Amino acid sequence: MSNVSRRVLLQAATAAVLAPPLASAAETACEALAGETIRWIVPYSPGGSYDFLSRVLEGPLERELGAEIAIGNRTGAGGLIGARTLRDARSDGRTLGIVNSSGLIGAALAGEQDVPSPDGDFTVLGRMMLIRHVWVTRADSPYRTIEDVLAAPPDRPVLFAVAGVGSTFFISAAVLSEVLGLNARFVAGHTGGKAVRLAVIRGDVDILSIGFSSILKQIESGQLRPLLQIADTPIADHPSLRGVPLLTGPQGIAAERVHGLGGDPKAAARKLDALVALLAVGRTLAAPAGLPPDLTACLRDAVARALASPAFREAASRAGFSLSDPASPDAAMRLVREAAAGARILQPILKRAFEEIRS
Amino acid sequence: MNDFPEAMAAGFWIVFSWPNILYPVIGTLLAMLVSFLPGLSGIMLMALAIPLTLSWDAEPTMLLFGALVGGATFMGSVTAILFNIPGTAPNAATLFDGHPLAQQGEAKTAIACSAAASALGSTFGILVLVLLLPLLSALVLSFGPLEFLLLALWGLLAIASVARGSMSRGLATAGLGLLLAMVGRDPRVGDPRFTLGIDQLLDGLGVVPVFLGLFALAEIIDLASGSRKTLSGQQRASELTGSVRLGIGAVFRHFGLLLRSSTIGTVIGVIPGIGGTVASFVAYASASQTAGADGHFGRGDIRGVLAPEAANDAKDGGSLLPVFVFGIPGSEGTALLLAAMLIHGLVPGPELMAEQLPLVFAVIWALLLSNWLTSLLGLAGAGLCARLTVLPLRLLVPFLLGLVILGALSLRGEFFDLLLVVLFGLFGYALKRFDWPRAPFVIAFVLGNLFERQLHLTLQLVDYGRIRFFERPVAMVLAVLIAATVAWGLAQARRRYRVRER
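Note that this is a predicted model, so its numbers are computed, not measured.

Undergrad: Tell me about the overall build of chain A, and please be specific about residues and values.
TA: Secondary structure assignment for chain A yields 14 helices and 10 strands. Here chain A holds 359 residues, and 60% of them are scored as buried. Residue pairs in contact within chain A that sit at least 24 positions apart in sequence constitute 78% of those at least 6 positions apart. Entry remark: accessible area of chain A is about 13,700 Å², with carbon and sulfur atoms responsible for 53%. When the 37 positive and 35 negative side-chain charges of chain A are each reduced to one mean point, those points stand 3 Å apart.

Below, the structure is given as structure tokens:
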């Protein structure tokens, strides 16, 4: 155990002795942070959702902890450098941050070296929100429904916009086109979220698989329309999603399609559930692994309260982030585990897709 | 559309009323302060302003962000001209000719020209923005991978003209620039290339550290080791030859170039995701290509200051368009503007343009105000700034060295960036010392990435039958421009050859 965490424990222990008997050990562990400066690591630059949500959360979390939070953007390597910085920091509660768990799992699947595991290298404190993908196409695209996409003729493959091979745009497109037996091709090389959006709005490509709340603005302005919800229950109560088919679950299109192709619906369902979990798990709030249990407990509480605070929820929801389900920290942790386990199921499919794109 | 004049006027009064006017003015002054430090910029201020303005009303927030998003870019050119230190990456194109002017005692002229070009360029960009609002979607959507590719190619052609004098050396440094642009992930698959296993190189060599080394540090080494006593070689301010009048006059003498550069800047601004660095380099490239025989680009041609500065500021007006209309930001600055808009309930798209038009214009006016304010303060301070060039070097050099080190470290708090600065500083000094041109290197380095990525995308889309050249008018126009540039260059070369023969 590092000196600092021993000190924290000592302080916590002292505080526990001195504190009124009703205060729980968890609360006192956080008191050691009061008046301190907490470094909050954002692995992406200002102007993105990770930075934005962190800055909106900053105030409420500062009030919860009585501490000063200093946001630092540790950018580079698609979020890897920031995630490594957080992983390698001391687990004393003075370094916290946000990591892109989907991105980390994707990077590991793409064969990237030294990728922190969201499951093992961090203490999960909570998650910002559940991310659920939709497939969108241009408003005037020839693909009116998902059936049109499934029936794409051999001489005109469906084109998907993807950024790097570890991106969720790519993972979703690759897994779904294999499981659903699509005649699909990936147009790779876009710089990121902005570029793939423009590519599908321009009509260079046909479909983009992307988190519903990140594409809501373009859907509402009538440039794009959703074709498929990558979920087993409706993603949101939004007019644009009415009548848009679900992928999995009892009403999902997957079971029938896989059956029609002569595949094993159960195996397919396992893969698709793994995909849904992997896509959902982005924006995990975390500390380095090995955080003392009482500190973990009180940080989780503080984070949960900050996430539930009206100040955070109002700003985030006005900026277009759907916050329908404030998850419990346990649920957040479970999802990270599920996603990491799911990644192992998806590995063979993605490997084939990587090879296709590299050739 | 007939609400336009009314909304413009309403927007104007939102900005120019008390106490509203304070927000853009304070925003501008803050942005001016931080833009002296390379690495820090209005972007950081905007990120810090997000939590600060959460509880504010929409109007003051938008006014502040309007001023921060494009304001004060001109300030970066002052350090570029005076000390070869580009305050922001786009200002790097200004130092090719701006700094030689300062060394000839004409810093005042160069700064005044930069200020005037910035103000007029931004006005042009905003004028176009307002006129084009109705046609905007068509314009943005007409730029795809093929058009980006041709744009990059057009810029790369300029290597031939900036290498004038020693073509083989120019081509060699350009080749090196292209090679170094490839460091990082390959654009298609994302596999690391030439990174030597160093994580910090995964995203490629940073433009700012490379520029800081290649120009600023190289210059500092040169100053420290040379025999000059001051930057301009003059001891007294009265011996400096530059004047504000000359600088402003230059902008009107080359009005055609101002319009051309502003057009380049606006168009590149409208297209999300290319950015100011490419805008100012393409404008510089285009200016140097058409300079003709009397040009002395790279050795203190005022047009080399005018073109990139006009383009860089014209870009800001253009870059607001995709945000307002599509909700797609083209840069980190406009992404933060978008976030601020959304928080305050302003959702981009047709509805915003219909219902909140006065506020949209208020943002535009705030941007314009900020650009003019910076330029006017720049003009007022040009003389004072120019005096720095008669400061004894033994005082100036340590100060500049501190500025460069601070700039490198403040970029993203990475010690590695400082190493890059030192490495490229030594390299830049060697190039300067042995008279190898640096401009071809930088142009290739800046445009190499864009070129390679768009080439990959274009090839894939051509393969799938999604791009047909003859169905793309913008691509055809760009192809004609490229052909004309090559033909013009060949004609020039032939004329020079004939003159030499005689």
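Undergrad: Could you give an account of the overall build of chain B, with specific residues and numbers?
TA: Helix and strand counts for chain B stand at 22 helices and 2 strands. A globule of 502 residues ought to have a C-alpha radius of gyration of about 23 Å, and chain B, at 22 Å, matches this closely. Counting only C-alpha atoms, chain B reaches 65 × 60 × 50 Å along its principal axes. For chain B, buried positions account for 59% of its 502 residues. Considering only residue pairs separated by 6 or more positions, chain B has 80% of its internal contacts joining residues 24 or more positions apart. Of the roughly 19,300 Å² of accessible surface on chain B, a fraction of 67% belongs to carbon and sulfur atoms. Treating the 31 positive side-chain charges of chain B as one cloud and the 29 negative ones as another, the clouds have centres 15 Å apart.

Undergrad: An account of the pairing of strand β6 (residues 158-161) of chain A is requested, with residue identities and associated values reported.
TA: Residue and element names in this part refer to chain A. Both faces of β6 are covered, namely the face carrying Val158 and Phe160 and the face carrying Leu159 and Ala161. Where β6 meets strand β7 (residues 184-187), 4 bridges bridge the pair, whose relative direction is parallel. Looking at β7, one finds that Leu159 is bridged to Arg185. Traced from β6 through helix α7 (residues 168-179) to β7, the parallel crossover comes out right-handed.

Undergrad: Tell me about a nonpolar patch on the surface, and name the residues and values.
TA: Among the surface-exposed residues, Trp18(B), Leu22(B), Ile26(B), Leu30(B) and Leu33(B) lie close enough to one another that they form a single nonpolar patch of about 560 Å² accessible area. Locating Ile26(B) in the fold gives a position in helix α2 (residues 22-35).

Undergrad: So what's going on with the packing of aromatic side chains? Residues and values would help.
TA: The relative placement of two aromatic rings is captured by the distance of their centres and the angle of their planes. This model, assessed by the stated rule, comprises 21 aromatic pairs over all chains. Aromatic side chains Phe469(B) and Phe470(B) sit 5.1 Å apart centroid to centroid with 80 degrees between the ring planes, which places their arrangement in the edge-to-face category. Assessed through its relative accessible area of 70%, Phe470(B) is described here as exposed. Feature note: the residues Phe96(B), Phe211(B), Phe215(B), Phe281(B), Tyr284(B) and Phe297(B) constitute an aromatic cluster, connected by ring pairs. One Lys or Arg, Arg283(A), reaches over the ring of Tyr50(A) and ends 5.5 Å from the middle of that ring. Looking at Arg433(B), its charged tip hangs above the ring of Phe434(B), at a distance of 6.0 Å from the centre.

Undergrad: Any chance you could break down the confidence of the model for chain B for me, citing the residues and the numbers?
TA: All names here are of chain B. Confidence in the prediction of chain B, expressed as mean pLDDT, is 85, and 96% of residues score 70 or more. The least confident element of chain B, judged by mean pLDDT, is helix α17 (residues 350-355) at 73; the most confident is helix α20 (residues 415-433) at 94. If you check the scores for this complex, the pTM reads 0.82 and the ipTM reads 0.82.

Undergrad: Hey, could you go over the sheet that holds strand β3 (residues 95-99) of chain A for me, with residue numbers and the actual values?
TA: Pairing between sheet strands relies on hydrogen bonds along the backbone, with the strands arranged either parallel or antiparallel. All names here are of chain A. Pairing in this open sheet of 5 strands is mixed, and the strands run β2-β1-β3-β10-β4 from one edge to the other. Of all the strands in the sheet, the pair left with one neighbour each is β2 (68-73) and β4 (122-127). Along the sheet, successive strands turn relative to each other by an average axial angle of 30 degrees, direction set aside. In this structure, β3 lies alongside strand β10 (residues 284-288), joined through 3 bridges in antiparallel fashion. Among the inter-strand pairings, Val99 is bridged to a residue of β10, identified as Thr284. The strands touched by helix α12 (residues 293-308) are β3, β4 and β10; relative to β4, the strand with the most contacts, the crossing angle is about 25 degrees.

Undergrad: Hey, could you go over the side chain of Glu452(B) for me, with residue numbers and the actual values?
TA: Residue and element names in this part refer to chain B. Considering the arrangement of structural elements, one finds Glu452 in helix α21 (residues 439-463). Among the polar contacts made by the side chain of Glu452, one reaches the side chain of Arg193 at a distance of 2.8 Å. With near-sequence residues (within four places) excluded, Glu452 lies in contact with Met182, Pro187 and Arg193.

Undergrad: Which residues make up the pattern of salt bridges, and what values go with them?
TA: Applying the stated criterion across every chain, the model contains 21 salt bridges over all chains. We note a salt bridge from Asp140(A) to Arg138(A), for which the minimum N-O separation is 3.1 Å. Residue class for Asp140(A) comes out exposed when judged on its relative accessible area of 52%. With relative accessibility at 26%, the residue Arg138(A) sits in the partly exposed group. The salt bridge involving Asp222(B) is made with Lys432(B); its shortest N-O contact spans 3.8 Å. Of this pair, Asp222(B) sits in helix α11 (residues 207-225) while Lys432(B) sits in helix α20; the two residues are 210 residues apart in sequence, bridging distant segments of the chain. A residue is classified by how much of its surface remains accessible, and Lys432(B), at 26% relative accessible area, is partly exposed. One salt-bridge network, held together by shared partners, links Arg84(A), Arg87(A), Asp88(A), Asp114(A) and Asp199(B).

Here is what the cut-offs are and how they apply
Residues numbered from 1 in each chain as written. Chains lettered and ligands numbered in written order. Predicted model: local features only at pLDDT ≥ 70, side-chain atom pairs only at ≥ 80, totals over all residues. Heavy atoms only, no water. Helix = DSSP H or I, 4+ residues; strand = E, 2+ residues; numbered from the N terminus. Buried < 20%, exposed > 50% of the residue type's maximum accessible area, 1.4 Å probe, protein only. Contact = heavy atoms within 4.5 Å. Areas by Shrake-Rupley, 256 points an atom, 1.4 Å probe, with all protein chains shown as cover. Lys, Arg positive; Asp, Glu negative; His and termini not counted. Charge placed at Lys NZ, Arg CZ, Asp CG, Glu CD. Rg over C-alpha atoms; globule rule 2.2 N^0.38 Å. Pairing = 2+ DSSP bridges. Right-handed = clockwise from strand over helix to strand, strands pointing away. Patch = residues over 30% accessible without salt bridge, like charges linked within 9 Å, V, L, I, M, F, W, Y side chains within 5 Å. Salt bridge = Lys/Arg side-chain N within 4 Å of Asp/Glu carboxyl O. Phe/Tyr/Trp six-rings, centres within 6.5 Å; stacked < 30°, edge-to-face > 60°. Lys NZ or Arg CZ within 6 Å of the ring centre and 35° of its normal. pLDDT = per-residue confidence, 0-100. Axes fitted to C-alpha atoms, helices over the stretch in contact; angles between N-to-C directions. Polar contact = N/O pair within 3.5 Å; in protein donor to acceptor, adjacent residues only side chain to side chain.

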